[in-house]
Structure formats: C-alpha cells, structure tokens
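Below, each chain spelled out in residue letters.
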Amino acid sequence: MEVAEWSEVDRAFDRLRRHPPLEPTLVAMGKLVALIRGDAAFAGVRPVVSMASLLLSRGHAKRRVCVEWDEKCGYRVHFVDPPLELTEPTTVGEDAVVQVLRDYLDRLSKPP
C-alpha cells in the first residue's frame, strides 16, 4: 500500500466530516483504516473512499471489496462485481472485520 493512497483516504474522510450525521460512521471507518493501514496482509491493496465506505482492490482483479459501517449492525463487507453488483454480504463486529477483509481479499482473483 502506498502511503499516498492512505493519505488520500484520510483526506476523503476528513472532507466528509462537514456532514455531522456521518460522524459515527467516520469514527468507525477511521478505526478500521488504522487497523489495516500497516497490516502486511493488506500490502498491495489499493484503497478508495466511495461515499463513506472503503473500496479495496488488488492487482488486476475486476472485483472489489467494499466495507461500510452500519450503526445498528457493525461493519458490512461484500464484493462489488462489475458493473455494480453487490454480492456475498456479511456483517461483522470490530473484532472480526480485519480477518473477514483478509478472507475477501484472498478471494478477489477467483471468479464469483
């Protein structure tokens, strides 16, 4: 992961702070970014912020992994398949989200 890419993630979430209703989501996503930013399992992952969610891609895989925060349920993780199909959703707490993201990223290059 390039430092510049994570810096852009930080800037994108900072821009969203202008919208106070998003604050709980931004706090949760900030915790997640802090957990995965330096994790070796996420080496080569390219992060992008879309709305208040985080999209992760690796290599030339067409699929992406999306993680978003739901105040009632926790982190929702799913694949984003072209053109924009959300597949294989799961909801996990903070204690499991990093491992679930690792598992999803390991499956990126496999066909849906």
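This one's a predicted model, so the numbers in the text were calculated from it and none came from an experiment.

Student: Got a sec to walk through the nonpolar core? Specific residues and values, please.
Tutor: Core analysis: the biggest nonpolar cluster contains 31 residues, and Leu-54, Val-65, Val-67, Val-97 and Leu-101 have the highest contact counts within it. If you list the elements that add at least two residues to this core, you get helix H1 (3–16), helix H2 (23–36), strand S1 (45–50), strand S2 (53–58), strand S3 (64–70), strand S4 (74–81) and helix H3 (97–106). Once you skip the residues sitting within four places of it in the chain, Leu-101 turns out to touch Leu-32, Phe-42, Leu-56, Val-65, Val-67 and Val-77.

Student: Go over the pattern of salt bridges, please, and point to the residues and values.
Tutor: Enumeration according to the criterion identifies 11 salt bridges in this entry. The salt bridge partner of Asp-81 is Arg-63, with a shortest N-O separation of 2.5 Å. Within this pair, whereas Asp-81 is found in strand S4, its partner Arg-63 is found in the loop between S2 and S3, the two being separated by 18 residues in sequence. Arg-63 carries the same exposure label as Asp-81, and that label is buried. Within the structure, one salt-bridge network assembled from shared partners comprises Arg-63, Asp-81, Glu-88 and Arg-107.

Student: Explain the side chain of Thr-87 to me, and be specific about the residues and the numbers.
Tutor: Turning to its location among the elements, Thr-87 is positioned in strand S5 (residues 85–92). Among the residues examined, Thr-87 registers a relative accessible area of 14% and is labelled buried. A polar contact of 3.5 Å, which involves the side chain of Thr-87, links it to the side chain of Arg-63. Here Asp-81 takes part through its side chain, which lies 2.7 Å from a polar atom of the side chain of Thr-87. Sequence-distant contacts of Thr-87, that is, excluding residues within four places in its chain, are made with Arg-63, His-78, Phe-79 and Asp-81.

Student: Which residues make up the packing of aromatic side chains, and what are the values?
Tutor: In this structure the tally under the stated criterion is 2 aromatic pairs. With a centroid separation of 4.8 Å and 65 degrees between ring planes, the pair formed by Trp-69 and Tyr-75 is classed as edge-to-face. Judged by centre distance (4.7 Å) and plane angle (35 degrees), the ring pair of Phe-79 and Tyr-104 falls under tilted. Of this pair, Phe-79 sits in strand S4 while Tyr-104 sits in helix H3, and the two are 25 residues apart along the sequence. Like Phe-79, the residue Tyr-104 is buried in the burial classification. Stacked on the ring of Phe-79, the Lys or Arg Arg-63 has its end atom at 3.7 Å from the ring centre. Above the plane of the ring of Tyr-104 lies Arg-107, whose end atom (NZ or CZ) is 5.7 Å from the centre.

Parameters and conventions
- Residues numbered from 1 in each chain as written.
- Predicted model: local features only at pLDDT ≥ 70, side-chain atom pairs only at ≥ 80, totals over all residues.
- Heavy atoms only, no water.
- Core = buried A, V, L, I, M, F, W, Y, C linked by side-chain atoms within 4.5 Å.
- Buried < 20%, exposed > 50% of the residue type's maximum accessible area, 1.4 Å probe, protein only.
- Helix = DSSP H or I, 4+ residues; strand = E, 2+ residues; numbered from the N terminus.
- Contact = heavy atoms within 4.5 Å.
- Salt bridge = Lys/Arg side-chain N within 4 Å of Asp/Glu carboxyl O.
- Polar contact = N/O pair within 3.5 Å; in protein donor to acceptor, adjacent residues only side chain to side chain.
- Phe/Tyr/Trp six-rings, centres within 6.5 Å; stacked < 30°, edge-to-face > 60°.
- Lys NZ or Arg CZ within 6 Å of the ring centre and 35° of its normal.

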